[in-house]
Amino acid sequence: MKEFFPNVPEIKYEGKESKNPFAFHYYNPDQIVLGKPMKEHLPFAMAWWHNLCATGVDIFGSGTADKSFGEKPGTMEHAKAKVDAGFEFMKKLGIKYFCFHDVDLVPECADINDTNKELDEISDYILEKMKGTDIECLWGTANMFSNPRFMNGAGSTNSADVYAFAAAQIKKALDITVKLGGRGYVFWGGREGYETLLNTDVKFEVENIARLMKMAVAYGRSIGFKGDFYIEPKPKEPMKHQYDFDAATSIGFLKQYGLDKDFKLNIEANHATLAGHTFQHDLRVAAINGMLGSVDVNQGDFLLGWDTDEFPYDVYTSTAAMYEILKNGGLTGGLNFDAKNRRPSYTHEDMFLAFILGMDTFALGLLKAAKMIEDGRVDQFIERKYASFHETEVGQKILNNEIDLKGLSDYALKLRAPALPGSGRQEMLEAIVNDILFGQ
Ligand code: XLS
Ligand code: CA
Ligand code: CA
């Protein structure tokens, strides 16, 4: 079997003293953290599209990275070479999962019947490749945003024929996901939104999206798909306004249309920040609603207002994220590196260095978040902050729904003026986090 990355060895854990860039300094798969091996806390996944397809093309210039893997792009030979290269890549890094769009796997043909034949062929090939490895499919999805037919959306399109094509792509992507044993199926509403309300019937479009999702659930369950469907919220880009704006908006939509039993959320870091939230905020909103399913780990750039999909290096953020994930009792999905190398980092070695950075950043985040939980000062502060509801008669009555508005008013009037609530102690808490991150 041809080796695609002969310059890169299997990546091993060497510890923080190591200066070897082709080694993990923090990700130690079998190290026990809070009673579980690190690799179980961190179910890392490779995104087919960025890692095996994207060449660094941007609106100002063509690609810098060679992802031909020795074959002519646009052919099935190339599609198979990507599978071979992808499996070598995942094995060398110890990555257990992959995620894909239908058109990441094969070149899209003019006739959808031909694309579907290619998808059958490539999924047979991937299935064969998976044998004898512990590599699994985390989730699949259909790309319903690149083809010009989806210019006005897929579920939100104005064309009934385009809507049918979206359905056909979802059906096939679900078939392939089930065939490969995928744990989840993602809906990212890339063009499900609008540029102007002057040409848009929002109610009509949102209802049609819900209809399509219901059909997907019914079909998925009928072919034995037991995993979670996910909405991946994003506020904008490519559209000016996207319907799945953030976690809270998506949860409201899922509940309104009775989809909340079959769906959870796939929260992406860079999408949360584009919505004006922190990554931790959207993880928290998903978690407290029982809908934190899977996560796309990357990061944006606060100086740039768009979706830069950088590999995560910010340990403050990965600590906050892992704190939420630990509190959630883990994920039913995984941590998908929906991230790409910067354009000048164009070599095959850079692909590995980027994943080593991301995996070490999340290993550090896990270690620090576990420390935060074991340390207990932050959790205890939050618990004490609300003590008046648990430790006073009036507080208890409120929580037990044993007092009405007039009762509370009578209580307040008798009190005349309340004491100020306790200090928020933000600066003290920030110092504790610094201490946990850098002090010990
Ligand atoms: C784009 C999204 C996309 C989804 C899958 O911004 O992140 O890649 O994860 O369609
Ligand atoms: Ca993104
Ligand atoms: Ca994503």
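Structure: see above.
Now for a description of the structure that goes with this document. (Residues numbered from 1 in each chain as written. Chains lettered and ligands numbered in written order. Predicted model: local features only at pLDDT ≥ 70, side-chain atom pairs only at ≥ 80, totals over all residues. Heavy atoms only, no water.)

Below, the discussion takes up empty space enclosed by the protein. Scanning the model with the defined rule gives four cavities of 30 Å³ or more in all. Of the pockets and cavities examined, the largest cavity occupies roughly 180 Å³. Along the walls of the largest cavity sit 22 residues, with His50, Ala54, Lys67, Lys340 and Asn341 positioned nearest its centre. The element that contributes the greatest number of residues to the lining of the largest cavity is helix H12 (residues 348-375), accounting for three residues. Classifying every residue of the lining of the largest cavity by side-chain character gives nine nonpolar, eight polar and five charged. (1 Å grid on protein atoms, 1.4 Å probe; cavity = no way out; pocket = protein on both sides within 12 Å on 5 of 7 lines; lining within 4 Å. Points joined across faces, edges and corners; volume = space filled by probe spheres on them. Helix = DSSP H or I, 4+ residues; strand = E, 2+ residues; numbered from the N terminus. Nonpolar A, V, L, I, M, F, W, Y, C, P; charged D, E, K, R; others polar.)

What follows deals with the site of ligand 1. Around ligand 1, the surrounding shell consists of Trp49, His101, Trp139, Phe145, Trp188, Glu232, Lys234, Glu268, His271, Asp296, Asp307 and Asp338. For ligand 1, an oxygen atom lies 2.8 Å from a polar atom in the side chain of Glu268. Here an oxygen atom of ligand 1 sits 3.1 Å away from a polar atom, N or O, in the side chain of Asp307. Within the complex, the protein chains bury 94% of what would otherwise be the 290 Å² of accessible surface of ligand 1. A majority-of-atoms criterion places ligand 1 in the largest pocket. For the shell around ligand 1, a count of residues per class yields four nonpolar, two polar and six charged. (Near = heavy atom within 4 Å. Polar contact = N/O pair within 3.5 Å; in protein donor to acceptor, adjacent residues only side chain to side chain. Areas by Shrake-Rupley, 256 points an atom, 1.4 Å probe, with all protein chains shown as cover. Sits in = over half its atoms within 2 Å of the grid points.)

What follows deals with the side chain of His50. As for its placement among the helices and strands, His50 is situated in helix H2 (residues 48-53). Setting aside chain neighbours within four positions, we find His50 in contact with Lys67, Asp309, Asp338, Ala339 and Lys340. (Contact = heavy atoms within 4.5 Å.)

The sheet built from eight strands closes into a barrel, its strands ordered E5-E6-E7-E8-E10-E12-E13-E14 with parallel pairing. Here the average twist between neighbouring strands, direction ignored, is 30°. Strand direction decides the pairing type here: strand E8 (residues 184-187) and strand E10 (residues 228-231), joined by four bridges, are parallel. Paired with Val186 across the strands is Tyr230, a residue of E10. (Pairing = 2+ DSSP bridges. Axes fitted to C-alpha atoms, helices over the stretch in contact; angles between N-to-C directions.)

By the element assignment, Ser294 lies in strand E13 (residues 292-296). For the pair Ser294 and Glu427, spaced 133 residues apart in the sequence, the C-alpha separation amounts to 32 Å. Ignoring anything within four residues of it in the chain, the contact list for Ser294 reads Leu138, Trp139, Tyr230, Leu265, Asn266, Ile267, Leu331, Gly333 and Gly334. A polar contact of 2.9 Å, which involves the side chain of Ser294, links it to the backbone nitrogen of Gly334.

Glancing now at the coordination of the calcium ion (ligand 3). Glu232 (OE), Glu232 (OE), Glu268 (OE), Asp296 (OD) and Asp338 (OD) make up the full set of protein donors to the calcium ion (ligand 3), lying at 2.1 to 3.1 Å. Summarised as a motif, the one-chain spacing of the donors to the calcium ion (ligand 3) is E-x35-E-x27-D-x41-D. A separation of 4.8 Å is found between the calcium ion (ligand 3) and the calcium ion (ligand 2), which are bridged by Glu268. A residue pair is termed long-range when its members are at least 10 positions apart, and Glu232 in the loop between E10 and strand E11 (241-242) and Asp338 in the loop between strand E14 (335-337) and H12 qualify at 106 residues. (Donors = N, O, S within 2.8 Å, 3.2 Å for Na, K, Ca; no water.)

Before going further, it helps to spend a moment on the environment of Gly290. Within the fold, Gly290 resides in the loop between helix H10 (279-288) and E13. Relative accessible area serves as the criterion here: at 51%, Gly290 is assigned to the exposed category. (Buried < 20%, exposed > 50% of the residue type's maximum accessible area, 1.4 Å probe, protein only.)

This brings us to the pairing of E8. Judged by which residues are buried, E8 turns out to be covered on both faces: Gly184 and Val186 on one side and Tyr185 and Phe187 on the other are all buried. Of the pairings in the sheet, the one linking strand E7 (residues 136-141) to E8 comprises two bridges and is parallel in character. Bridge pairing in E8 places Gly140 opposite Tyr185. Viewed along the sheet, the connection from E7 through helix H6 (residues 160-179) into E8 turns out right-handed. (Right-handed = clockwise from strand over helix to strand, strands pointing away.)

Our focus in this paragraph is the coordination of the calcium ion (ligand 2). By definition of the ideal shapes, a tetrahedral metal site with four donors has angles of 109.5 degrees and an octahedral site with six donors has angles of 90 or 180 degrees. Surrounding the calcium ion (ligand 2) are the protein donor atoms Glu268 (OE), His271 (NE2), Asp307 (OD), Asp307 (OD) and Asp309 (OD), at 2.0 to 2.8 Å. Site description for the calcium ion (ligand 2): donor spacing in sequence, E-x2-H-x35-D-x1-D. Owing to a relative accessible area of 10%, Asp307 belongs among the buried residues under this scheme. The class for Asp309 is buried, based on a relative accessible area of 7%.

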